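Structural overview
One-letter residues, chain by chain:
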Amino acid sequence: MKTTHKIMAAALVAATPVALPVAATAQVAPGIAVANPDAIVVNSAAYKLAEQQRQTTYKPQLDQAEQRRAAIEAQLQPLLTKYQTDAQAASPNQASLQQQAQQIQRIQQSGEAELNRILQPLALSRAYVLEQISDRLPAAMEAAQKRRKITLVLNPAAVVAADQAYNLNQDVLTELDRALPQAQLVPPANWKPAAQRQAEAQQAAAAQGNAAATGGR
């Protein structure tokens with residue numbers, strides 16, 4: 001079932017490591033470099049190790065998700081076959097096809113939600129690891145800049161073309177791996193990603209503001 005395969009991929013959110021170009025030795029304009037923070041993070045030792053450890057630590061959830069995916073696929077397959085057969089009829093019953101399509105969609109959506117719930121611990125683990133690495137990235141970037149005497153760092157998205165001698169990725173990666181060779185894999189109880197914490201803090205502040213305004217009337 002293509003849909004549930006997509007669900008698994010989305011739930012795991014497995015970022016594909018981007019190759020880090022080997023530093024060159026050509027002459028470059030002093031003080032300028034290019035760095036890709038996303039590539040640095042997913043190529044870090046802490047990230048790669050966590051990806052390996054997660055397959056073992058969260059094996060029960062992975063196995064459960066795979067079993068449910070297979071069960072959902074088995075449930076959907078005859079419905080999909082019937083739908084395709086009925087749709088190819090000389091005079092297909094459109095009302096029946098619509099009902100079948102709605103049933104298939106409900107099962108798919110329910111399956112997506114169920115798989116996401118099963119795989120939620122893995123998603124939180126990856127978010128926790130990424131947050132630990134991201135917290136160390138600015139210091140690693142600064143250290144690499146000082147070592148290479150860089151005063152201007154550009155994102156590859158803003159650069160049309162550049163010689164590999166401008167690449168700062170490996171220098172930052174070296175500093176990052178030195179600072180954080182391994183991240184904690186399992187988040188603390190009730191831990192939430194930074195974006196969620198910030199959103200909840202803003203909501204709480206807004207609620208307090210509304211309460212204060214209402215009480216002052």
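Residues numbered from 1 in each chain as written. Predicted model: local features only at pLDDT ≥ 70, side-chain atom pairs only at ≥ 80, totals over all residues. Heavy atoms only, no water.

**Concerning the overall build of the chain**
Helix and strand counts for the chain come out as 7 helices and 2 strands. Secondary structure of the chain in N-to-C order comes out as α-β-α-α-α-α-β-α-α. Look at the contacts in the chain between residues 6 or more apart in sequence, and 87% of them connect residues 24 or more apart. Taken as a whole, the chain presents about 13200 Å² of accessible surface, with 54% of it coming from carbon and sulfur. (Helix = DSSP H or I, 4+ residues; strand = E, 2+ residues; numbered from the N terminus. Contact = heavy atoms within 4.5 Å. Areas by Shrake-Rupley, 256 points an atom, 1.4 Å probe, with all protein chains shown as cover.)

**A few points about the nonpolar core**
Counting residues in each nonpolar core, the largest one holds 29 residues, and the members touching the most others are Ile-40, Val-129, Ile-133, Leu-137, Leu-168, Val-172 and Leu-176. Elements represented by at least two residues in this core include exactly helix H2 (37-42), helix H3 (45-57), helix H4 (59-87), helix H5 (94-148) and helix H6 (169-179). Element by element, the count of residues in this core is highest for H5, at 10 residues. Those residues in contact with Ile-133, other than ones at most four positions away along the chain, are Val-41, Ser-44, Ala-46, Tyr-47, Leu-176 and Leu-180. (Core = buried A, V, L, I, M, F, W, Y, C linked by side-chain atoms within 4.5 Å. Buried < 20%, exposed > 50% of the residue type's maximum accessible area, 1.4 Å probe, protein only.)

**Brief notes about H4**
A rise of 1.5 Å per residue sets the reference length of H4, with its 29 residues, at 42 Å; its end C-alpha atoms lie 41 Å apart and thus fit the reference within 8%. Maximum bend of H4: about 30°, positioned at Leu-76, with proline Pro-78 one to four residues after it. The set of residues buried in H4 consists of Leu-62, Ala-65, Arg-69, Ile-72 and Leu-76. (Expected span 1.5 Å × (residues − 1). Bend = angle between axes of the 7 residues up to and from the residue.)

**Brief notes about the confidence of the model for the chain**
Of all residues in the chain, 86% have pLDDT values of 70 or greater, and the mean over the chain is 89. Below pLDDT 50 for its whole length, residues 1-16 participates in 35 contacts with residues either more than four positions away or in separate chains. (pLDDT = per-residue confidence, 0-100.)

**So, the packing of H3 against H4**
The N-to-C vectors of H3 and H4 enclose an angle of 70°; their axes lie 5 Å apart at closest approach. In terms of axis orientation, H3 runs roughly perpendicular to H4. Contacts between H3 and H4 involve Arg-54, Gln-55, Thr-56 and Thr-57 on the former and, on the latter, Lys-59, Pro-60, Gln-61 and Leu-62. Counted by class, the contact of H3 with H4 contains 2 nonpolar, 4 polar and 2 charged residues. (Axes fitted to C-alpha atoms, helices over the stretch in contact; angles between N-to-C directions. Parallel < 35°, antiparallel > 145°, perpendicular 65-115°, else oblique. Nonpolar A, V, L, I, M, F, W, Y, C, P; charged D, E, K, R; others polar.)

**Here's the deal with the packing of aromatic side chains**
Taken as a whole, this structure holds 1 aromatic pair when the rule is applied. Arranged with centres 5.0 Å apart and planes meeting at 65°, the rings of Tyr-128 and Trp-191 form a pair that is edge-to-face. Taken together, the positions of Tyr-128 in helix H5 and Trp-191 in the loop between H6 and helix H7 (194-215) put the pair 63 residues apart, joining distant regions of the chain. Judged by its relative accessible area of 11%, Tyr-128 falls in the buried class. Residue classification places Trp-191 among the buried residues on the basis of a relative accessible area of 15%. (Phe/Tyr/Trp six-rings, centres within 6.5 Å; stacked < 30°, edge-to-face > 60°.)

**A look at the side chain of Ser-44**
Looking at where Ser-44 falls in the secondary structure, it is placed in the loop between H2 and H3. The class for Ser-44 is buried, based on a relative accessible area of 1%. At 2.7 Å, the side chain of Ser-44 and the backbone oxygen of Val-41 are in polar contact. Engagement of the side chain of Ser-44 in a polar contact is seen with the backbone nitrogen of Tyr-47, the distance being 3.2 Å. Excluding its chain neighbours within four sequence positions, the residues that come into contact with Ser-44 are Ile-133, Leu-173, Leu-176 and Asp-177. (Polar contact = N/O pair within 3.5 Å; in protein donor to acceptor, adjacent residues only side chain to side chain.)

**A closer look at the pattern of salt bridges**
Scanning all chains against the criterion turns up 14 salt bridges. Residue Arg-197 pairs with Glu-131 through a salt bridge whose shortest N-O separation is 2.8 Å. Placement of Arg-197 in helix H7 and of Glu-131 in helix H5 is noted, with a sequence separation of 66 residues between them. The partly exposed category is assigned to Arg-197, whose relative accessible area is 36%. (Salt bridge = Lys/Arg side-chain N within 4 Å of Asp/Glu carboxyl O.)

**As for H5**
Along its 55 residues, H5 runs just 68 Å from first to last C-alpha, ending more than 12% under the 81 Å computed at 1.5 Å per residue. Taking the backbone nitrogen of Ala-95 as reference, a side-chain oxygen 3.1 Å away marks Asn-93 as the first, capping residue of H5. Looking one or two places after H5, you find Lys-149, whose phi comes out positive at around 60°.

**A word on the environment of Tyr-47**
Along the chain, Tyr-47 turns up in helix H3. According to the relative accessible area criterion, Tyr-47 is buried, its value standing at 2%. Along the chain, Tyr-47 and Leu-185 lie 138 residues apart, while their C-alpha atoms are 9.6 Å from each other.

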